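Residues per chain are reported as follows:
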Amino acid sequence: MDVYFAPPYSPWERGLNENVNGLIRRFFPKGTDFNLVPEWKLAKVQNLLNERPKKNLGFKTPKEVFISEMMKQKKYQQLVRFY
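Residues numbered from 1 in each chain as written. Predicted model: local features only at pLDDT ≥ 70, side-chain atom pairs only at ≥ 80, totals over all residues. Heavy atoms only, no water.

Asker: It is not clear to me how the nonpolar core should be interpreted in this structure. Could you clarify?
Answerer: The nonpolar side chains of soluble globular proteins are, as a tendency, buried together. Ranked by size, the top nonpolar core spans 5 residues in total: Leu23, Phe28, Val37, Val45 and Leu49. Excluding residues that lie within four positions of it along the chain, Val45 makes contacts with Phe27 and Phe28. (Core = buried A, V, L, I, M, F, W, Y, C linked by side-chain atoms within 4.5 Å. Buried < 20%, exposed > 50% of the residue type's maximum accessible area, 1.4 Å probe, protein only. Contact = heavy atoms within 4.5 Å.)

Right, dumping it as C-alpha cells:
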C-alpha cells in the first residue's frame, strides 16, 4: 500500500483528515482531554462515524467496505462472519 505524508501545517493537503477531524469535533470540542473521556463514549462515536454512508464509497459505510474486503481474504472469513 502506498502511504503519503503531507507536510506539517498544510491542512489543504489533508482534506479527508480535516473533514474527519471536523466530524469528531461535533462530539468532542477542541481542547478535550481524551484521558477523561470514557472508553464507551469513544467507541460510540467511532461506530457512528464508521456506520455513516459516504458518497465516495458508493453510499456504503466504511464498515461495509472493510468487511467486504476482509471477506475476499480466506484467512479472515471466519472472523468477519460475526459482524
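Asker: Just to check I follow, could you spell out the pattern of salt bridges for this structure?
Answerer: A side chain of one charge can pair with a side chain of the opposite charge if their charged atoms are brought near each other. Tallied over the entire structure, the rule returns 3 salt bridges. For Glu51, the salt bridge is made with Lys63, and the minimal N-O distance between the two is 3.1 Å. A residue pair is termed long-range when its members are at least 10 positions apart, and Glu51 in the loop between α2 (39-50) and α3 (62-71) and Lys63 in helix α3 qualify at 12 residues. Residue Glu51 is classed as partly exposed on the basis of its relative accessible area of 43%. The exposure class of Lys63 is partly exposed, given its relative accessible area of 33%. (Salt bridge = Lys/Arg side-chain N within 4 Å of Asp/Glu carboxyl O. Helix = DSSP H or I, 4+ residues; strand = E, 2+ residues; numbered from the N terminus.)

Asker: Is there a simple way to explain the packing of aromatic side chains in this structure?
Answerer: Centre distance and the angle of the planes are the two values used to describe a pair of aromatic rings. Following the criterion strictly, the structure yields 1 aromatic pair and no others. Geometrically, the ring pair formed by Phe28 and Phe34 is edge-to-face, given 5.3 Å between the ring centres and 70 degrees between the ring planes. Accessibility expressed as a relative area gives 5% for Phe28, which makes it buried. (Phe/Tyr/Trp six-rings, centres within 6.5 Å; stacked < 30°, edge-to-face > 60°.)

Asker: Can you help me understand unusual backbone geometry in this one?
Answerer: Of note in the backbone geometry, Tyr9 takes a positive phi value of approximately 60 degrees without being a glycine. For Tyr9, the location among the structural elements is in the segment before α1 (15-25). The class for Tyr9 is exposed, based on a relative accessible area of 77%. Not every positive phi belongs to a glycine, and Phe59 is a case in point at roughly 60 degrees. The exposure class of Phe59 is exposed, given its relative accessible area of 58%.

So yeah, pure geometry; function would need other evidence.
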